[in-house]
Amino acid sequence: MENTGSSSRILVVDDNEELLQELQTMLELGGYDVIAMSDSSDAFDVAFKKKPNVILLDLKMSPKTGFQIADEVRNSLLLKDVPVIAMTGFFTEKEHLLMMKLCGIKISILKPFQPVNLIAKIEFALGHRPEEYDPDPA
């Protein structure tokens, strides 16, 4: 896997421990600095302290949903420009698309996904790909 991430910090929040570990390993092998967490209640505070370049969020979590975390990020002066990528299995439903838009989520990826597609989404969010290129647009 090519080392594209080098100095980019990625916050990954997902309550599925197995997927979280796989994502952390994959992204670290890709050269990213990864902060992985399964407890959604602390996600915003960690984002605020660590200032990631991109946030990967599962949408269906408890106690805080990915929608709630994305909304907190969008309303934070410090974090409002940090791209949020939603990782979800249900983004095709119209009400969820609207919720993502309202929370400031512009990029999403459908679970299960191929690692290469996730890396492409991250690189797009980081501005390392041409603006007109959104792999697998949601």
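One can find the structure itself at the top, above this paragraph.
Quick caveat: nothing in here was measured; it's all calculated off a predicted structure.

How each quantity is defined
Residues numbered from 1 in each chain as written. Predicted model: local features only at pLDDT ≥ 70, side-chain atom pairs only at ≥ 80, totals over all residues. Heavy atoms only, no water. Pairing = 2+ DSSP bridges. Helix = DSSP H or I, 4+ residues; strand = E, 2+ residues; numbered from the N terminus. Right-handed = clockwise from strand over helix to strand, strands pointing away. Phe/Tyr/Trp six-rings, centres within 6.5 Å; stacked < 30°, edge-to-face > 60°. Core = buried A, V, L, I, M, F, W, Y, C linked by side-chain atoms within 4.5 Å. Buried < 20%, exposed > 50% of the residue type's maximum accessible area, 1.4 Å probe, protein only. Contact = heavy atoms within 4.5 Å.

Draft legend 1. Quick look at the pairing of strand β2 (residues 33–37). With 5 bridges joining them, strand β1 (residues 9–13) and β2 adopt parallel strand pairing. Note that in β2 the partner of L11 across the bridge is I35. As for the winding sense of the linkage, the β-α-β connection from β1 through helix α1 (residues 17–29) to β2 is right-handed.

Draft legend 2. Structural view of the packing of aromatic side chains. Evaluated as defined, the whole model comprises 1 aromatic pair. Taking 6.0 Å as the distance between ring centres and 40° as the angle between the ring planes, the aromatic pair formed by F44 and F48 counts as tilted. With F44 and F48 both in helix α2 (residues 43–50) and 4 residues apart, this pair spans about one turn of that helix.

Draft legend 3. The arrangement of the nonpolar core in detail. If you look at the biggest cluster of nonpolar residues, it comprises 22 residues, and the most contacted ones within it are V13, I55, L57 and I105. For this core, the secondary structure elements donating two or more residues are β1, β2, α2, β3 (54–58), α3 (66–74) and β4 (84–88). When residues in this core are grouped by element, the largest group, 4 residues, is from α3. For V13, the contacting residues outside a window of four places in its chain are M37, S40, A43, L56, L57, D58, M61, I69 and M87.

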